[in-house]
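As a plain string of letters, each chain reads:
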Amino acid sequence: MSIGGMLVDLSGVLYVGDKALPGAHEALLRLREMDRPFRFVTNTSRQCRAEVMGRLHRMGLGVEPHEILTAPLAGRRWIEARGLRPHLLIHPELLPDFVGMETSPSNAVFMGDAGETFAYGNLNAAFRVLQTGAPLIAVARNRYFQESDGLSLDLGAFVAALEFAARTEAVIVGKPSAEFYMAAVESMGLSPPEVLMVGDDLEADVLGALDAGLQAALVRTGKYRSSDEAGLKGARATVFDNISELLEKVMK
Ligand SMILES: [Mg+2]
């Protein structure tokens, strides 16, 4: 296959928790040596973009601001483009990405992975805003993510809870939304078929990218489980042990 550029997921591909995965540093060097553009695309919403970058730097994985596209900031652009004032159901550490946003009186609900902040009172406050007919906008619908001590519950279950209670359907602004993938592809001046998306999440990374017209590869790191390969069901995606193997085999 011919590849004009790459989109690379972060958590589960370059690192898990606070630790770089084996081969991550070499993979980043290799990405930089390619004469093709790349972007990191993440649905992570427990940290603001500055902190995502800070963590990468602390792991020795230096990334430039223009190289990283986050789902929460895509959400902010989506909301601002429509002039909405969102009730924010987000992790306290994500707040820096939403500084200066008008939030009241709220006529929308924006939710990320709020972690411990998903307490009853906070979910109920969001539910009450939705009861006024306000739209629900969510970073993602991810089921779980890999932490250093195992899989952890992600945002998707909480999105489903509010959708159920408020009889609404969330707008997803991160992966696998086609709008998010298009913005990432266009930031490199490419078209979807020229771009390979690499990730450890079968649904958001691989099937989502294929639906948006990109090429896709699944890596056997992070949240990957062997049962994911059955989920590919003949989809035109390739599977690699890790990002290093992918770069070695694909980016010659
Ligand atoms: Mg991931």
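Computed from a prediction, not measured in an experiment: that's the story for all the values here.

Scoring rules and cut-offs
Residues numbered from 1 in each chain as written. Predicted model: local features only at pLDDT ≥ 70, side-chain atom pairs only at ≥ 80, totals over all residues. Pairing = 2+ DSSP bridges. Helix = DSSP H or I, 4+ residues; strand = E, 2+ residues; numbered from the N terminus. Contact = placed C-beta atoms within 7 Å. Axes fitted to C-alpha atoms, helices over the stretch in contact; angles between N-to-C directions. Buried ≥ 20, exposed ≤ 12 C-beta atoms within 10 Å, placed from the backbone. Arc of directions from axis to C-beta.

Asks: What am I meant to see in the sheet that holds strand β7 (residues 108–111) here?
Replies: For sheets, the rule is that strands pair by backbone hydrogen bonds, running either parallel or antiparallel. Strand order in the open sheet formed by 4 strands is β6-β7-β8-β11, with parallel pairing between adjacent strands. Looking along the sheet, the strands with just one partner apiece sit at the ends: β6 (86–89) and β11 (171–172). Summarising the sheet, strand β8 (residues 136–138) and β11 pair through 2 bridges and their orientation is parallel. By the bridge assignment, A138 is partnered in β11 with I172. Sheet strands touched by helix α4 (residues 120–130): β6, β7 and β8. Its angle to β6, the strand with the most contacts, is close to 155°. Contacts between helix α5 (residues 156–166) and the sheet are confined to β7 and β8, with β8 contributing the most and set at about 170° to the helix.

Asks: Just checking my understanding: could you explain the environment of G83 for this structure?
Replies: Summarising the element assignment, G83 is placed in the loop between α3 (71–81) and β6. Given 9 C-beta atoms within a 10 Å radius, G83 is considered exposed. As for G83 and E102, which are separated by 19 residues in sequence, their C-alpha atoms are 9.2 Å apart.

Asks: So what exactly am I meant to see when it comes to helix α9 (residues 243–250) here?
Replies: Spacing of three or four residues puts side chains on the same side of an α-helix, whose turn is 3.6 residues. For α9, every residue scored as buried is listed here: I243, L246 and L247. Buried residues of α9, viewed axially, fall in a sector of 95°; they line one side. Looking at the packing, one finds that the buried side of α9 touches α1 (24–33), β12 (195–199), β13 (215–219) and β14 (237–240).

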